[in-house]
Amino acid sequence: MRAEEIKKASAALGISTTTCLGLPDGGVEYSLKTVESLLTEIRGRKPGILIMMHPNDYHRDHRNIAEMTLEALRRAAWSYKPESGDPWKVPVVLMEEGFVFVTPHVVVDITAHKEKKDEVLRIYASQFNERERNLIASMNYFRAFNTRNPAVEAAEVFEVHPEFPLSNSGIF
């Protein structure tokens, strides 16, 4: 079911390539195999920005994915497993808010995309019911209010992990 939801959501967003690691929904455990799979994806794609789950998320799967992602990011930047590609240090690593408030280091105005976001959340019917979608929209409106800009109707916030400061990104 989740793989089908990812396929439909990717199509709705215009994303042509996705990779599913086949991890069990509700039973993700920390493993070196998954770290190395993530490392291979990072080196192969060489992203300029990586948005990841927050390590303090309420959901155990999300926390484990976050920890494995951080370890993969660390290892991807040096010569570990050279057969997985050339080292790549992702310049910008942002941790998403989810259902747990984070310290907002980066605020993004999503006003123009709020309907598309709701459409995609509806595709993930196994993950988000109406109450949860309303909570997410409320958090987006709350974050928009905090910008003190009346033109901003919805906003997302991200926390920057201390190991990946934006000052080292070359962007700021």
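Keep in mind that what you see is a predicted model, and the values were worked out from it rather than measured.

### Re the overall build of the protein chain
And then number 1: Across its full length, the protein chain holds 5 helices and 4 strands.
And then number 2: Shown N-terminal to C-terminal, the secondary structure of the protein chain runs as helices and strands in the order α-α-β-α-β-β-α-α-β.
And then number 3: Over its C-alpha trace the protein chain gives a radius of gyration of 17 Å, about what one expects of a compact globule, namely 16 Å for 172 residues.
And then number 4: Viewed in the frame of its principal axes, the protein chain has a C-alpha envelope of about 50 × 40 × 30 Å.

### Overview of the pairing of strand β1 (residues 49-52)
And then number 1: Here β1 shows a clear split, with Leu50 and Met52 buried on one side and none of Ile49 and Ile51 buried on the other.
And then number 2: Here β1 pairs with strand β2 (residues 92-96) via 4 bridges, running parallel. Its bridge partner lying in β2, isoleucine 49 is registered against valine 92.
And then number 3: Once you follow β1 into helix α3 (residues 60-76) and on to β2, the crossover reads as right-handed.

### Section: the layout of surface pockets
And then number 1: When its volume is computed, the second largest pocket comes out at roughly 150 Å³.
And then number 2: Taken together, Ile110, Lys114, Glu115, Lys117, Asp118, Leu121, Arg133, Ile136, Ala137, Asn140, Tyr141 and Ala154 make up the full set of residues lining the second largest pocket.
And then number 3: Mapped by element, the contributors of at least two residues to the lining of the second largest pocket are α4 (114-123) and α5 (130-147).
And then number 4: Of the residues belonging to the lining of the second largest pocket, the class tally is 6 nonpolar, 1 polar and 5 charged.

### Brief notes about the nonpolar core
And then number 1: Judged by nonpolar contacts, the single largest core of 18 residues is most densely connected at Ile42, Leu50, Met52, Ala72, Leu73, Val90 and Val93.
And then number 2: When contributions to this core are tallied by element, the ones reaching two or more residues are α2 (32-45), β1, α3 and β2.
And then number 3: It is α3 that contributes the most residues to this core, 6 residues altogether.
And then number 4: Leave out the neighbours within four places in its chain, and valine 93 touches Leu50, Met52, Leu73, Glu159, Val160, His161 and Phe164.

### Quick notes on the packing of aromatic side chains
And then number 1: For the structure shown, the criterion picks out 4 aromatic pairs.
And then number 2: Clustering of aromatic rings is evident, with ring pairs tying together Tyr58, Phe99 and Phe128.
And then number 3: The side chain of arginine 75 reaches across the aromatic face of tyrosine 80, ending 4.6 Å from its centre.

### What to know about the sheet that holds β1
And then number 1: Taken together, the 4 strands give an open sheet; going across it, the order is β1-β2-β4-β3, and neighbouring strands pair in mixed fashion. Strand pairing shows two members of the sheet lacking a second neighbour, β1 and β3 (106-109), which therefore form its edges. The sheet shows a mean angle of 35 degrees between the axes of neighbouring strands, taken without regard to direction.
And then number 2: Sheet analysis places β2 next to strand β4 (residues 155-160), joined by 3 bridges and oriented antiparallel. Within β4, the position partnered with glutamate 96 by the bridge is phenylalanine 158.
And then number 3: Sheet strands in contact with α5 are β3 and β4, and its direction is about 80 degrees off that of β4.

Rules of the game
Residues numbered from 1 in each chain as written. Predicted model: local features only at pLDDT ≥ 70, side-chain atom pairs only at ≥ 80, totals over all residues. Heavy atoms only, no water. Helix = DSSP H or I, 4+ residues; strand = E, 2+ residues; numbered from the N terminus. Rg over C-alpha atoms; globule rule 2.2 N^0.38 Å. Buried < 20%, exposed > 50% of the residue type's maximum accessible area, 1.4 Å probe, protein only. Pairing = 2+ DSSP bridges. Right-handed = clockwise from strand over helix to strand, strands pointing away. 1 Å grid on protein atoms, 1.4 Å probe; cavity = no way out; pocket = protein on both sides within 12 Å on 5 of 7 lines; lining within 4 Å. Points joined across faces, edges and corners; volume = space filled by probe spheres on them. Nonpolar A, V, L, I, M, F, W, Y, C, P; charged D, E, K, R; others polar. Core = buried A, V, L, I, M, F, W, Y, C linked by side-chain atoms within 4.5 Å. Contact = heavy atoms within 4.5 Å. Phe/Tyr/Trp six-rings, centres within 6.5 Å; stacked < 30°, edge-to-face > 60°. Lys NZ or Arg CZ within 6 Å of the ring centre and 35° of its normal. Axes fitted to C-alpha atoms, helices over the stretch in contact; angles between N-to-C directions.

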